[in-house]
Amino acid sequence: MFGILRRWREDYRLKRLPVNHAQWESAIADWPVARRYQGAERERLKSLSLRFILRKQFESGGGLHLDDAMQLRIATMAVVPILELGLDWYEGWYSVIVYPAEFIPQHEYEDDFGVVHRDRHPLSGEAWGQGPVILSWEDVQATDSQSGYNVVIHELAHKLDMLADGPNGSPPLHKDMDAAQWQRVFTAAWASLQAIVEADDREPPVDPYALENPGEFFSVVSETFFEAPERLKQTWPEVYEQLRRFYRQDPVQPSHRPGP
Ligand SMILES: [Zn+2]
């Protein structure tokens, strides 16, 4: 009952949102990934991005002027991974905070030995279990289909990953997926990237930052899956296949509905 009422209220607010179709189109016009979604899929992408704006609180930090177009762009990038999963996969957290550029996190954290650290490294994005997603606008703008870089998809992939046992590189898998196979495929790709980085004789297929930990690996290959899918499929077809089944999208063949 609550679900129906909530949906009704959201539909009501959606109709009154002062955003027209042209504004949405212009906010994402130069993002190549958005061109992949046409017709009814594009309508659904727009509708989900507006619902994302209704459900989440956008805030700006560091004196950034966060206008409607910026919010529309971030929201559209954010909902691409859950286009076939549903917005409920982003339940349980509320804020998206946007800084002008890389930011120094203000929080402290405790390590396994009980030591509290204050991270001093500037970050392009950050996502906490129940907390906000924090983004650098400069990095949102640096989205790049050549390198596969997309900080919004990266941070939102962390959110999906954290839905099951924290940021361990394994989001909640669908019933028709096999956790052991996921583990095997990702472990092999990890070893492959490690070997490529160590050999240092060619461009790594994904950002070597992926080797920080399994959670980063999942987020980095998720960025690449949406931004540079051909390269990911060519390099690690089995990783591509696992992500195709998880995200229920096939970015290399967007017109084809992925099978189960
Ligand atoms: Zn990350």
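Residues numbered from 1 in each chain as written. Predicted model: local features only at pLDDT ≥ 70, side-chain atom pairs only at ≥ 80, totals over all residues. Heavy atoms only, no water.

### Considering the coordination of the zinc ion
Protein-derived ligands of the zinc ion are His154 (NE2), His158 (NE2), Glu216 (OE) and Glu216 (OE), with the metal-ligand distances lying across 2.1 to 2.7 Å. If you look at the zinc ion, its four donor atoms make angles of 53 to 142° with each other, and the shape they trace is irregular. We note that the donor set of the zinc ion lies within a single chain, spaced as H-x3-H-x57-E. One end of the pair, histidine 154, and the other, histidine 158, are both in helix α6 (residues 151-161), four residues apart, so they sit about a helical turn from each other. (Donors = N, O, S within 2.8 Å, 3.2 Å for Na, K, Ca; no water. Tetrahedral: all angles 85-135°; square planar, octahedral: opposite > 155°, others 65-115°. Helix = DSSP H or I, 4+ residues; strand = E, 2+ residues; numbered from the N terminus.)

### Notes on the packing of helix α8 (residues 214-227) against helix α10 (residues 237-247)
Put simply, α8 and α10 touch, their axes get as near as 11 Å, and they point 85° apart. One way to sum up the angle between α8 and α10 is to call them roughly perpendicular. Seen from α8, the contacting residues are Phe218, Val221, Ser222, Phe225 and Phe226; seen from α10, they are Val239, Tyr240, Leu243, Arg244, Phe246 and Tyr247. The residue makeup of the contact of α8 with α10, split by class, is nine nonpolar, one polar and one charged. (Axes fitted to C-alpha atoms, helices over the stretch in contact; angles between N-to-C directions. Parallel < 35°, antiparallel > 145°, perpendicular 65-115°, else oblique. Contact = heavy atoms within 4.5 Å. Nonpolar A, V, L, I, M, F, W, Y, C, P; charged D, E, K, R; others polar.)

### With respect to the pairing of strand β6 (residues 133-136)
The alternating pattern of β6 places Val133 and Leu135 on one face and Ile134 and Ser136 on the opposite face, and all of these are buried. Bridge analysis of strand β2 (residues 95-99) against β6 gives four bridges, and the strand direction is parallel. Across the sheet, valine 98 pairs through a bridge with leucine 135, a residue of β6. Two elements, strand β5 (residues 125-127) and β6, share three bridges in a ladder whose sense is antiparallel. Its bridge partner being in β6, alanine 127 is matched across the sheet by valine 133. (Buried < 20%, exposed > 50% of the residue type's maximum accessible area, 1.4 Å probe, protein only. Pairing = 2+ DSSP bridges.)

### Some thoughts on the packing of helix α2 (residues 21-28) against helix α3 (residues 39-55)
Where α2 contacts α3, the axes come no closer than 11 Å and their chain directions differ by 95°. As the angle between them shows, α2 and α3 are arranged roughly perpendicular. Counting all contacts with α2, which are made through His21, Trp24, Glu25 and Ile28, the residues of α3 involved are Arg42, Glu43, Leu45, Lys46 and Ser49.

### What about the side chain of asparagine 150?
With respect to the helices and strands, the residue asparagine 150 is situated in the loop between α5 (137-141) and α6. Relative accessible area serves as the criterion here: at 0%, asparagine 150 is assigned to the buried category. At a separation of 2.9 Å, a polar atom in the side chain of asparagine 150 contacts the main-chain amide nitrogen of isoleucine 153. Here glutamate 227 takes part through its side chain, which lies 2.9 Å from a polar atom of the side chain of asparagine 150. (Polar contact = N/O pair within 3.5 Å; in protein donor to acceptor, adjacent residues only side chain to side chain.)

### Regarding the confidence of the model for the chain
Per-residue confidence for the chain averages 89 on the pLDDT scale, and 90% of its residues sit at or above 70. For the chain, the element scoring lowest by mean pLDDT is strand β4 (residues 116-118), at 55; α10 scores highest, at 98. Prediction confidence for the complex, expressed as pTM and ipTM, is 0.90 and 0.99 respectively. (pLDDT = per-residue confidence, 0-100.)

### Examining the environment of alanine 127
Along the chain, alanine 127 turns up in strand β5. Note: C-alpha distance between alanine 127 and leucine 156 (29 residues apart in sequence) is 7.5 Å. Sequence-distant contacts of alanine 127, defined by excluding residues within four places in its chain, comprise Pro132, Val133, Glu155, His158, Lys159 and Met162.

### A word on the packing of aromatic side chains
Enumeration over the complete set of coordinates arrives at 19 aromatic pairs. Note on phenylalanine 52 and phenylalanine 58: the rings are 6.2 Å apart at their centroids and 70° apart in plane angle, and the pair reads as edge-to-face. Phenylalanine 58 carries the same exposure label as phenylalanine 52, and that label is buried. For the ring pair phenylalanine 225 and tyrosine 240, a centre distance of 5.0 Å and an interplane angle of 50° mean the geometry is tilted. Of this pair, phenylalanine 225 sits in helix α8 while tyrosine 240 is found in helix α10, placing the two residues 15 residues apart along the sequence. Per residue, the accessibility class of phenylalanine 225 equals that of tyrosine 240, and both read buried. A connected cluster of aromatic rings, assembled from ring pairs, spans Trp89, Trp182, Phe186, Trp190, Phe217, Phe218, Phe225, Phe226, Trp236, Tyr240, Phe246 and Tyr247. Across from the ring centre of tyrosine 12, 3.8 Å away, lies the NZ or CZ of arginine 16, which sits over that ring. One cation-aromatic arrangement involves lysine 56 over tryptophan 93; the distance from NZ or CZ to the ring centre is 4.0 Å. (Phe/Tyr/Trp six-rings, centres within 6.5 Å; stacked < 30°, edge-to-face > 60°. Lys NZ or Arg CZ within 6 Å of the ring centre and 35° of its normal.)

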